[in-house]
Amino acid sequence: NAGFDPVLGSIEISMPPCTGIKVFVIGGMGSASVLFRLLVRKGFEVVAGVLLKNDIDCFVARSLGINCIVQDTVLGDGIEQACEMFDSCDFVIDAGFEFNDLTMHGMDLICRALESGKTLVCLGRDRKKIMEEIMQAGAGEIRGSDIVYCDDETCVAGILEEKMRENKTGTV
């Protein structure tokens with residue numbers, strides 16, 4: 001399968017999901033584009049949110065056929081819809097987006113993921129320090145969430161593949 005995005009002028013090649021693993025990616029400001037491509041090509045079912053409609057992550061996600069929550073502005077109400085979507089996911093991935101006024105919805109989703117008890121995979125070399133600060137500042141009740149830190153997208157895919165093998169062998 002392929003999708004063409006006239007804004008980017010690019011063709012994105014996608015694969016149908018085949019791993020049985022569904023992941024929710026929190027991205028923005030271009031932080032998730034490479035990760036989207038890798039996860040889709042490896043056969044993971046990917047959903048994403050909340051993305052701004054003019055964000056490159058949004059264009060790449062749509063070209064890949066990823067189901068995503070999109071807002072016109074940062075003041076949109078997609079956060080609740082995104083939370084409903086990640087409830088059905090096996091993992092939540094923080095794509096390492098920059099924390100600023102344009103990505104505050106992403107920070108809210110990270111806090112909600114921690115509160116839900118889902119495994120949170122964080123991408124980025126400085127993410128562990130940032131996540132420790134978030135938890136110290138009182139991100140809400142953290143219900144036994146497993147937080148995994150990765151330096152690059154390949155590490156994220158490897159973690160997911162390892163979890164998939166554990167699920168198949170029943171050693172979770």
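Residues numbered from 1 in each chain as written. Predicted model: local features only at pLDDT ≥ 70, side-chain atom pairs only at ≥ 80, totals over all residues. Heavy atoms only, no water.

Considering the overall build of the chain
Assigned secondary structure in the chain consists of 6 helices and 8 strands. Computed over C-alpha atoms, the radius of gyration of the chain comes to 15 Å, within 12% of the 16 Å expected from 2.2 N^0.38 for 172 residues, which places it in the range of a compact globule. In terms of overall dimensions, the chain has C-alpha extents of about 45 × 45 × 30 Å along its principal axes. Considering only intrachain contacts with a sequence separation of at least 6, the fraction spanning at least 24 residues in the chain is 65%. When the accessible surface of the chain is split by element, carbon and sulfur atoms take 50% of a total near 8500 Å². Averaging the coordinates of the 16 positive side-chain charges in the chain and doing the same for the 27 negative ones gives two points 5 Å apart. (Helix = DSSP H or I, 4+ residues; strand = E, 2+ residues; numbered from the N terminus. Rg over C-alpha atoms; globule rule 2.2 N^0.38 Å. Contact = heavy atoms within 4.5 Å. Areas by Shrake-Rupley, 256 points an atom, 1.4 Å probe, with all protein chains shown as cover. Lys, Arg positive; Asp, Glu negative; His and termini not counted. Charge placed at Lys NZ, Arg CZ, Asp CG, Glu CD.)

Considering the pairing of strand β6 (residues 91-94)
When a strand is regular, its side chains alternate between the sheet's two faces. Of the two faces of β6, both are covered, the one formed by F91 and I93 as well as the one formed by V92 and D94. As judged from the 4 bridges shared by strand β3 (residues 22-26) and β6, these two strands associate in the parallel manner. Across the sheet, the residue bridging to V23 is F91, located in β6. Direction of pairing for β6 relative to strand β7 (residues 119-123): parallel, over a ladder of 4 bridges. Among the inter-strand pairings, D94 is bridged to a residue of β7, identified as C122. (Buried < 20%, exposed > 50% of the residue type's maximum accessible area, 1.4 Å probe, protein only. Pairing = 2+ DSSP bridges.)

Focus on the environment of L38
Counting through the fold element by element, L38 comes out in helix α1 (residues 33-41). A sequence separation of 118 residues divides L38 from V156, and the C-alpha atoms of the two residues are 9.6 Å apart. Apart from the residues lying within four places of it in its own chain, the contact partners of L38 are E153, T154 and A157.

As for the side chain of H105
Relative to the helices and strands, H105 is located in helix α4 (residues 104-116). Relative accessible area serves as the criterion here: at 11%, H105 is assigned to the buried category. Not counting the four nearest positions on each side in its chain, H105 is found in contact with V50 and I79.

Some thoughts on helix α2 (residues 56-63)
Buried residues dominate α2, accounting for 6 of its 8 residues. Of the positions making up α2, those classed as buried are D57, C58, F59, V60, A61 and S63. Buried residues along α2 sit against β1 (2-5), β2 (10-13), α1, β4 (45-52) and β5 (67-71). Its side-chain oxygen at 2.8 Å from the backbone nitrogen of D57, D55 defines the N-terminal cap of α2. Just downstream of α2 lies G65, where phi reads positive at about 80°. (Polar contact = N/O pair within 3.5 Å; in protein donor to acceptor, adjacent residues only side chain to side chain.)

Observations regarding the nonpolar core
Core analysis: the largest hydrophobic core is formed by 30 residues, its most contacted members being V23, V25, F36, L39, V46 and I93. Those elements that provide at least two residues to this core are β3, α1, β4, α2, β6, β7, β8 (147-150) and α6 (153-169). Counting residues per element, this core draws most heavily on α6, which supplies 5 residues. In this structure, V23 is in contact with L39, E45, V46, V47, C89, F91, I93 and L160, ignoring residues within four places of it in sequence. F24, C89, C111 and C122 belong to the second largest nonpolar core, which has 25 residues in total. (Core = buried A, V, L, I, M, F, W, Y, C linked by side-chain atoms within 4.5 Å.)

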